[in-house]
Amino acid sequence: MRIGPSFSLHKEVISMNDSEKAVRQLTNEERIAKVQSEKRKTTFQLAMLSLIGVLAFLLIWQLAVASGFLPSRYVPMPSKVVELFFLKWTDPNPDGAVLGAHIVSSLQVALSGFFLAIAIGVPLGLTMGWFKGFDSFMRPIFEILRPIPPVSWIPITIIWLGLGLKAKAFIVFFSAFVPCVINAYTGIRQTSQTLINVAKICGASNFTTFRTIGIPSAMTMTFAGIRVALGNAWATLVAAEMLAANLGLGYMIQQGRQFARPDIIILGIVVIGTLGVIFTWLLGLVEGKVLGWKK
Amino acid sequence: MDSEKVKLKLEHISQSYIVNNQVFDAAVDVSMEVRDSEFLVLLGPGRCGKTILLNMIAGLEKPVDGRILLDGEEIKGSDERIGMVFQKRALMPWKTVMQNVEFGPKIKGMAKEPRREIAQKYINLVGLQGFEKSYPDELSGGMKQRVSIARAYANDPEILLMDEPFGALDAQTRYAMEEEVQRIWETEKRTVIFVTNNIEEALYLADRIVLLSNCPAHVKAVYDVKLPRPRNTIDPEFLRLRREISDNTDLAL
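Residues numbered from 1 in each chain as written. Chains lettered and ligands numbered in written order. Predicted model: local features only at pLDDT ≥ 70, side-chain atom pairs only at ≥ 80, totals over all residues. Heavy atoms only, no water.

Here's the deal with the interface of chain B and chain A
The condition that has to hold: Any two residues whose heavy atoms approach within 4.5 Å are treated as being in contact. What counts as buried area is the accessible surface, traced by a 1.4 Å probe, that two parts surrender upon association, with contributions from both included. Any Lys or Arg side-chain nitrogen located within 4 Å of an Asp or Glu carboxyl oxygen qualifies as a salt bridge. Whenever a nitrogen or oxygen atom comes within 3.5 Å of another N or O atom, the pair is scored as a polar contact, on the condition that within protein one atom can donate a hydrogen and the other can accept it, and that pairs from neighbouring residues in sequence are kept only if both atoms are in side chains. Note on conventions: DSSP H or I runs of at least 4 residues are helices, E runs of at least 2 residues are strands, and numbering of each starts at the N terminus. Classification used: nonpolar for Ala, Val, Leu, Ile, Met, Phe, Trp, Tyr, Cys and Pro, charged for Asp, Glu, Lys and Arg, polar for all others including Gly.
Listed as interface residues are 22 residues of chain B and, on the opposing side, 18 residues of chain A. Per-residue buried area on chain B facing chain A is highest for Leu60, Trp94 and Ile107 of chain B; these three make up 35% of the total on that side. For the interface between chain B and chain A, the tally reads zero salt bridges. For the pair chain B and chain A, the number of links is zero residue pairs in polar contact (both at pLDDT 80 or more). Counting only elements with at least two residues in the side of chain B that touches chain A, the list comes to strand S6 (82–85) and helix H3 (103–107) of chain B. Per-class residue counts for the side of chain B that touches chain A are 13 nonpolar, four polar and five charged.

Some points on the nonpolar core
Basically, it comes down to this: For this analysis, a nonpolar core means a set of buried residues of the types Ala, Val, Leu, Ile, Met, Phe, Trp, Tyr and Cys, connected via side-chain atoms within 4.5 Å. Burial classes: relative accessible area under 20% of the type maximum marks a residue as buried, over 50% as exposed, and values in between as partly exposed (1.4 Å probe, protein chains only).
Ranked by size, the top nonpolar core spans 90 residues in total, and within it Leu8, Leu42, Leu53, Ile57, Leu161 and Ile193 of chain B carry the most contacts. For this core, the element with the highest residue contribution is helix H9 (residues 206–243) of chain A, accounting for 12 residues. Setting aside its immediate chain neighbours within four residues, Leu161 of chain B contacts Leu54, Ile57, Ala58, Ile82, Gly83, Met84, Val85 and Ile193 of chain B. Counting 47 residues, the second-largest nonpolar core is a separate cluster that includes Val101, Leu203, Ala206 and Leu241 of chain B.

Let's talk about helix H8 (residues 236–248) of chain B
All names here are of chain B. Stated formally: Expected helix span is computed as 1.5 Å times (number of residues minus one). By arc we mean the arc of the directions from the helix axis to the C-beta atoms, nothing more.
Between its first and last C-alpha atoms H8 spans 18 Å; for 13 residues at 1.5 Å apiece the expected length is 18 Å, and the two agree. Buried residues of H8: Phe238, Leu241 and Ile245, and no others. Buried residues in H8, looked at end-on, bunch into an arc of 70 degrees, giving them a common side. H8 presents Pro236, Arg243 and Asp247 as exposed residues on the side facing more than 90 degrees away from its buried surface. Where H8 is buried, its residues touch strand S3 (39–43), helix H7 (199–205), strand S9 (208–212) and strand S10 (219–224). Between a side-chain oxygen at the N-terminus of H8 and the backbone nitrogen of Glu237 the separation is 3.0 Å; the capping residue is Asp235.

Quick look at empty space enclosed by the protein
Condition: The way it works is a 1 Å grid over only the protein atoms, where trapped points that fit a 1.4 Å probe form a cavity and open points with protein on both sides within 12 Å along at least five of seven lines form a pocket, and then any residue with an atom within 4 Å of a point lines it. Grid points are joined across faces, edges and corners, and a volume is the space filled by probe spheres set on the points.
Taken as a whole and assessed by the stated rule, the structure comprises four cavities of 30 Å³ or more. Approximately 60 Å³ is the volume attributed to the largest cavity. Forming the boundary of the largest cavity are Val198, Ile201 and Cys202 of chain A together with Gly83, Met84, Phe86, Ser148, Arg151, Ala152 and Asn155 of chain B. Of all elements in the fold, only helix H8 (193–201) of chain A together with S6 and helix H5 (141–154) of chain B reach the threshold of two or more residues within the lining of the largest cavity. Here the element with the most residues in the lining of the largest cavity is H5 of chain B; it accounts for three residues. Looking at side-chain class alone, the lining of the largest cavity contains six nonpolar, three polar and one charged residues.

Quick look at the side chain of Arg115 of chain B
Residue and element names in this part refer to chain B. Structurally, the position occupied by Arg115 is in helix H4 (residues 112–125). Note on Arg115: relative accessible area 9%, which makes it buried. Aside from chain neighbours lying at most four places away, what touches Arg115 is Glu102, Pro105, Lys106 and Met110.

With respect to helix H3 (residues 78–88) of chain A
Residue and element names in this part refer to chain A. Taken as a whole, H3 has its buried residues at Pro78, Val81, Leu84 and Lys88. Down the axis of H3, the buried set is contained in an arc of 115 degrees. They therefore lie on one face. Pointing more than 90 degrees away from the buried face of H3 are the exposed residues Glu83 and Phe86. Against helix H2 (28–66), helix H4 (99–130), helix H10 (249–258) and helix H11 (262–290) lie the buried residues of H3.

A word on the packing of H3 of chain A against H11 of chain A
For any two helices packed against each other, the geometry is given by the interaxial angle and the distance between the axes. Residue and element names in this part refer to chain A. Note the threshold: Fitted lines through C-alpha atoms give the axes, limited to the stretch in contact for helices. The angle between two N-to-C directions lies from 0 to 180 degrees. Relative orientations are named as follows: roughly parallel for angles under 35 degrees, roughly antiparallel for angles over 145 degrees, roughly perpendicular for angles from 65 to 115 degrees, and oblique for any other angle.
As a packed pair, H3 and H11 sit with axes 10 Å apart at the nearest point and diverge in direction by 80 degrees. By the angle class used here, H3 and H11 are roughly perpendicular. In this structure, H3 uses Val81, Leu84, Phe85 and Lys88 to contact H11, whose residues at the interface are Asp263, Ile264, Ile266 and Leu267. Split into classes, the residues belonging to the contact of H3 with H11 amount to six nonpolar, no polar and two charged.

Written out as structure tokens, the structure reads:
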């Protein structure tokens with residue numbers, strides 16, 4: 001009974017010694033190349049998996065419609081949507097404008113509202129968070145405006161500003177404004193007291209401390225708020241365009257429903273989603289630049 | 001250098017706070033003198049009073065009673081002749097070592113070239129040349145405190161306050177930093193007020209030790225440490241003083 005295991009153990013030891021002889025130490029370059037190639041391989045494999053996931057989803061969808069499992073009247077095939085995508089650049093039917101015009105209109109609205117929200121919201125939040133008097137002055141008004149859902153501004157906006165760019169930009173502005181203010185405010189409130197003391201001892205005035213310590217401290221939170229603002233802006237844009245517009249991606253989707261054209265609706269959704277991804281990515285680049293010290 | 005000249009004087013300083021609707025005395029009737037260019041250690045148990053005294057000297061808070069005199073004149077608020085090194089997390093993480101060190105001169109509006117020169121001098125003094133462009137997150141705890149010391153020096157203070165600067169460091173680094181701070185102080189003599197709760201650290205560094213009581217803080221005893229530097233931590237006189245101070249120290253909860 002006891003001889004068996006110890007015998008096999010002995011064998012293992014011998015084989016380990018053998019393999020040890022076969023091992024040759026890698027040179028520096030070989031080791032670096034090996035680590036790099038392994039890293040590249042993993043990155044490539046993961047990217048492939050993502051691609052395969054998307055393709056598999058589209059393929060199942062395509063097959064489900066082509067085989068008649070899903071009715072093609074209600075669910076367009078992905079291939080049809082791709083076709084429509086290329087066609088729509090030149091064909092204004094049935095909603096009255098080519099895809100490019102819709103995209104440009106939506107971008108104008110979304111970006112003007114979004115940037116206005118940053119330009120007003122972030123400084124407002126930072127000043128409210130830093131200067132106690134200003135906070136007490138502004139906070140009641142802000143607290144009343146804050147919980148109002150942005151879309152509930154649509155009717156009054158139409159009365160005030162009509163159906164144009166300004167009206168929609170105002171609604172988008174409102175949805176993006178609130179997270180900008182709140183995050184800038186919360187961020188600057190979390191400024192370390194030690195750092196404030198450091199500035200005071202260096203002889204900094206309250207305003208200099210605000211500028212050199214407060215604002216940089218708040219940037220991480222502020223960017224998180226800007227991310228939320230971007231999402232809000234984009235979502236509200238589509239809602240606003242579906243209710244009050246004569247151009248834009250939201251309007252195009254709405255017209256797709258009017259004309260019973262699900263392919264137009266799906267195309268609109270895909271374009272909106274893709275633009276959203278692109279903007280989130282661009283924002284990530286800016287954030288990387290500003291918060292470059294965070295590694 | 002007249003080492004007996006009084007640089008800073010605390011006269012009957014008291015400080016109280018309201019905590020949970022009750023008045024809490026942090027310091028009661030603290031008087032002491034700090035001599036020019038001496039290394040004074042405020043030694044006390046627990047977390048009572050020491051930091052508060054430093055904050056009052058630094059002008060970060062006002063005492064309820066008493067006054068603080070610098071060169072015979074009462075100081076109110078922060079004074080640019082007084083600099084401070086904090087315990088931890090006192091570096092701006094978004095600034096490089098160089099930018100952190102030149103912060104004070106920059107605030108005072110000094111032009112880029114002279115302030116870079118000053119900052120570089122003190123970065124070299126604390127032994128961090130080559131790390132000018134590093135961010136604090138890339139540095140070890142001991143290196144971060146070196147940056148803090150360099151920054152305090154770059155303001156060219158006459159009095160340097162150090163608030164348990166090595167309290168958050170591991171024991172090995174702490175010993176190394178104690179030697180460093182002594183070397184730096186001997187190169188660039190300033191009046192130093194150094195807060196610690198570590199008796200050995202106090203004896204290793206101090207010209208004089210002011211022993212504070214537990215809450216509320218008041219001055220319990222003052223010790224002149226006349227041992228030659230650098231000090232030997234197992235020298236019989238060192239150990240005797242250590243025992244004496246230890247016996248006289250209140251227990252902290």
